[in-house]
Amino acid sequence: MSREIIMVSNNIKELDRNDSTILSEVGISTEDEKRSGTFVLKDSEPVCSCSSLEGVELLPMAEALEKYDWLWGQYYWGLIPEDDSPLPMDQTISKKPLGYFLRVKKGEHVKLPSQAALYMTGSLGKQILHNVVILEEDSELELITGCISNAFMRGGEHIAVSETYIGKNASLINTMVHSWGRDVRVKPHSATIVEEGGSYVSNYISLRPAGIVDSNPVTYLNGTGASAKYFSVILGSESSEITLGGDVYLNADETSAEIAHRAVCTGGKIIQKGLLVGKASCHAHVDCSGMLISPGEDGYIESIPGLRSHHEEAQMSHEASIGKIAPQQVQYLMAHGMEEREAISMIVRGFLDADITGLGPELDQRIAEIAELAGHGE
Amino acid sequence: MISINDLQVEVEGKNVLNGVNLEIPEGEVHLLLGPNGSGKTSLIMTIMGYPQYRITGGSISMNGQDITELDITERARLGIGLAEQRPPSVSGVKLRMLLDYILKEHEDKQERVLELIKEANMESFLDRDINEGLSGGEIKRSEILLLLSRQPLFAMLDEPDSGVDLDSLELLSSMINILFSPKKEYPAKRGTGLLITHSTYMLDRIDVDKAHVMIAGELVCSGHPQIIMNKIVDSGFESCIECREK
Ligand SMILES: Nc1ncnc2c1ncn2[C@@H]1O[C@H](COP(=O)(O)OP(=O)(O)O)[C@@H](O)[C@H]1O
Ligand SMILES: [Mg+2]
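Predicted, not measured: the structure shown is a model, and the values here were computed from it.

Trainee: So what exactly am I meant to see when it comes to the overall build of chain A here?
Mentor: Helices and strands together make up the secondary structure of chain A, namely 7 helices and 21 strands. Buried residues in chain A amount to 57% of all 378 residues. For chain A, long-range pairs separated by at least 24 residues make up 82% of all intrachain contacts whose partners lie at least 6 apart in sequence. Just so you have it, chain A exposes about 15,600 Å², and 47% of that area is on carbon and sulfur atoms.

Encoded structure:
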């Protein structure tokens, strides 16, 4: 089918049943009464783009660019300079981009989450997209982004530029769940700006590791009292190479940031980084913790928490630890009736959850799945 | 219920049990006494199946089934339970997670366990990591609570009084009494178990049917708990050592 004749549906219920089953794995719900807005991109086709609320606007990016001429420059390529983009964005792609435009209007406290599904089936080697998310003053939204490739898919590349604008006293919780096929290369390039009193929470969970993931989201806390929290959980296995970063620039007074990376390595390479840059009176902490479970000859975790301070009132700290599961702990749980793999799962689960609360049932479920996989030594 | 036959065990290449024979019939709670380092904990850990305690000879059986080759999980599932002397802390794993796991299959017991948690004043432990940063007495309470929620057929308690203040001793004693109290199905039969303690305070509150004395990895004496305890309180284990040499 050629692109022109595909209609973008405005009802998620019209999704192919197969597709909806696959998408549910990464937290995408096809019951529209559970979501305030939905965007689905299948390979290079936006197959659904809808919102059930006046205050939430969700459009394919190309359509949004046509509709709003203020987008380009101010928001689109507003945070990531087009020239600096390390991605192979040629002009044609840039003018008619895939991806979505999401805007929550001023004062709108959206109760139900919105969701974006980026789905690759293998009929396309590459998925290149560009998203813009704008939260206007005093608005609130929870966004679930699910990225998944068809289990049969071999190879492929997913490249995404995302620019997020969080206005004064606005709050965004962005939960990203990835489940990629084995050899997929994934390169997200995200930047977020947070204004006065705004808050940004980014949760990243990687269920099935891709071949190569290289992500270094950058957040600028530019307004007084702005805050950012990054939390990531990744499971690496043989043949995966995951580099997960997170830079937060604390540019204004009373800003705060927290980065918590949790990695479980059953093989492959995992590099977890985080860089906090304090340019004002602020509080920030970065924690990169890892756990090795039979990583094999070549598997490793490298943790690089970083601090850079420009200001004497910047209070910043870091920690990093990498360990293995203590056999005494496993045996202790076994003595209470658990099988060895159940015990390992529970310990991994505890490690992944540690010090992090209030993720909600959806994410708890994902973490439980990862712990389960780790217990099987996957 | 439990039959131990000429059991020999080594830890890190060192013999710690040198031919232990022990018989604990169903419905009896036995007391294990002995000086520090005599091998009491080793015996209990070996019965539970901890692989560091390597069995080099002899056998253990439960209700006629030889369990010498079974792993920890299999033994736990057969109904063996243990409140350890020095349990590890399990960072990240909340007591609640383990309790939920245990109670998952015994929904009928949930209510009772919740009551116990209240009675033992343990609500605040539930969301803490298992044993991490707990005081001696708190660890013992947590260990016994776990046993109570599992209701093992054969329960072992390794020095439930050590490092515990007097107030907690009272509470721990009553928790142990609940553990060994008769079940609905057999109103006239007590639970079965093996208790290690030298606390007369505790022994005044918990009935034991028989006492054994371990010296240097061997059981040298068995008999009436009161008589043996009195002897030990009087003259320590010296008399047992002399007795053994005769
Ligand atoms: N894990 C271990 N590693 C090395 N030695 C041990 C270990 N466990 C016990 N032992 C040794 O075995 C002997 C018996 O110890 P234990 O069974 O703990 O005695 P008890 O409980 O009677 O005090 C001691 O000499 C002790 O040092
Ligand atoms: Mg001991």
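Trainee: Would you explain the coordination of the magnesium ion (ligand 2) in this entry?
Mentor: Tetrahedral coordination by four donors puts the ideal angle at the metal at 109.5 degrees, and octahedral coordination by six puts it at 90 or 180 degrees. Protein coordination at the magnesium ion (ligand 2): the donors are T41 of chain B (OG1) and Q85 of chain B (OE1), at 2.0 to 2.2 Å from the metal. With a gap of 44 residues between them, T41 of chain B in helix α1 (residues 40-48) and Q85 of chain B in the loop between β6 (80-83) and β7 (90-94) connect regions that are remote in the sequence.

Trainee: I tried to follow helix α6 (residues 340-353) of chain A on my own but got confused; where do I start?
Mentor: One turn of the α-helix equals 3.6 residues, which is why residues spaced by three or four share an orientation. Residue and element names in this part refer to chain A. Compared with an ideal rise of 1.5 Å per residue, which puts 14 residues at 20 Å, α6 spans 20 Å between its outermost C-alpha atoms and is within 8% of the ideal. The buried fraction of α6 is high, at 10 of 14 residues. Residues A343, I344, S345, M346, I347, V348, G350, F351, L352 and D353 constitute the buried set of α6.

Trainee: Can you help me understand the interface of chain A and chain B in this one?
Mentor: Quite often, the size of an interface is put as the accessible area lost when its parts meet. In this complex, chain A contributes 18 residues to the contact, which on the side of chain B involves 26 residues. Carbon and sulfur atoms supply 64% of the area that chain A and chain B bury against each other, a total of about 1,800 Å² over both sides. Looking only at chain A, the three residues that lose the most surface to chain B are Q331, Y332 and H336 of chain A, adding up to 36% of its buried area. Viewed at the interface, chain B and chain A are joined by 2 salt bridges. In this structure, the salt-bridge partner of R77 of chain B is E342 of chain A, at a minimum N-O distance of 3.1 Å. For the pair chain A and chain B, the number of links is 10 residue pairs in polar contact (both at pLDDT 80 or more). Breaking the side of chain A that touches chain B down by element, the ones donating at least two residues are α5 (327-334) and α6 of chain A. It is α6 of chain A that contributes the most residues to the side of chain A that touches chain B, 7 residues altogether.

Trainee: How do you make sense of the pairing of strand β1 (residues 37-42) of chain A when you look at a structure like this?
Mentor: Within a regular strand, the side chains alternate between the two sheet faces. All names here are of chain A. Within β1, 5 of the 6 residues are buried, leaving the element largely enclosed by the surrounding structure. Counting the residues between successive antiparallel strands, the hairpin from β1 to strand β2 (residues 45-51) contains 2 residues, one of them, D43, with a positive phi of roughly 50°. As judged from the 6 bridges shared by β1 and strand β5 (residues 114-120), these two strands associate in the parallel manner. Looking at the pairing, G37 lines up with S114 of β5.

Trainee: Looking at this model, I keep getting lost on the packing of helix α4 (residues 107-119) of chain B against helix α5 (residues 136-150) of chain B. Mind explaining?
Mentor: Think of two packed helices as two axes; the pair is described by the angle between the axes and how far apart they sit. All names here are of chain B. Contact geometry for α4 and α5: axes closest at 10 Å, N-to-C directions at 160°. In terms of orientation, α4 and α5 fall into the roughly antiparallel class. Classified by chirality, the crossing of α5 by α4 is right-handed. Of α5, the residues touching α4 (which contributes K109, V113, L116 and I117) are L145, L148, S149 and R150.

Trainee: Quick question: what am I supposed to make of the site of ligand 1 here?
Mentor: Residues and elements named next belong to chain B. With respect to spatial proximity, 13 residues lie near ligand 1, and among them K14, G37, K40, T41 and S42 are the closest. S42 has a polar side-chain atom sitting 2.5 Å from an oxygen atom of ligand 1. Note that a nitrogen atom of ligand 1 is positioned 3.4 Å from one of the side-chain N or O atoms of Y53. Compared with its free state, where it exposes 550 Å², ligand 1 has 68% of that area covered by protein. Listed by contribution, the elements that provide at least two residues to the shell around ligand 1 are β2 (14-24) and α1. It is α1 that provides the largest number of residues to the shell around ligand 1, a total of 3 residues. In terms of residue class, the shell around ligand 1 is made up of 4 nonpolar, 6 polar and 3 charged.

Parameters at a glance
- Residues numbered from 1 in each chain as written.
- Chains lettered and ligands numbered in written order.
- Predicted model: local features only at pLDDT ≥ 70, side-chain atom pairs only at ≥ 80, totals over all residues.
- Heavy atoms only, no water.
- Helix = DSSP H or I, 4+ residues; strand = E, 2+ residues; numbered from the N terminus.
- Buried < 20%, exposed > 50% of the residue type's maximum accessible area, 1.4 Å probe, protein only.
- Contact = heavy atoms within 4.5 Å.
- Areas by Shrake-Rupley, 256 points an atom, 1.4 Å probe, with all protein chains shown as cover.
- Donors = N, O, S within 2.8 Å, 3.2 Å for Na, K, Ca; no water.
- Expected span 1.5 Å × (residues − 1).
- Buried area = accessible area lost by both parts, 1.4 Å probe.
- Salt bridge = Lys/Arg side-chain N within 4 Å of Asp/Glu carboxyl O.
- Polar contact = N/O pair within 3.5 Å; in protein donor to acceptor, adjacent residues only side chain to side chain.
- Pairing = 2+ DSSP bridges.
- Axes fitted to C-alpha atoms, helices over the stretch in contact; angles between N-to-C directions.
- Parallel < 35°, antiparallel > 145°, perpendicular 65-115°, else oblique.
- Left-handed = near helix turned anticlockwise from the far one by under 90°.
- Near = heavy atom within 4 Å.
- Nonpolar A, V, L, I, M, F, W, Y, C, P; charged D, E, K, R; others polar.

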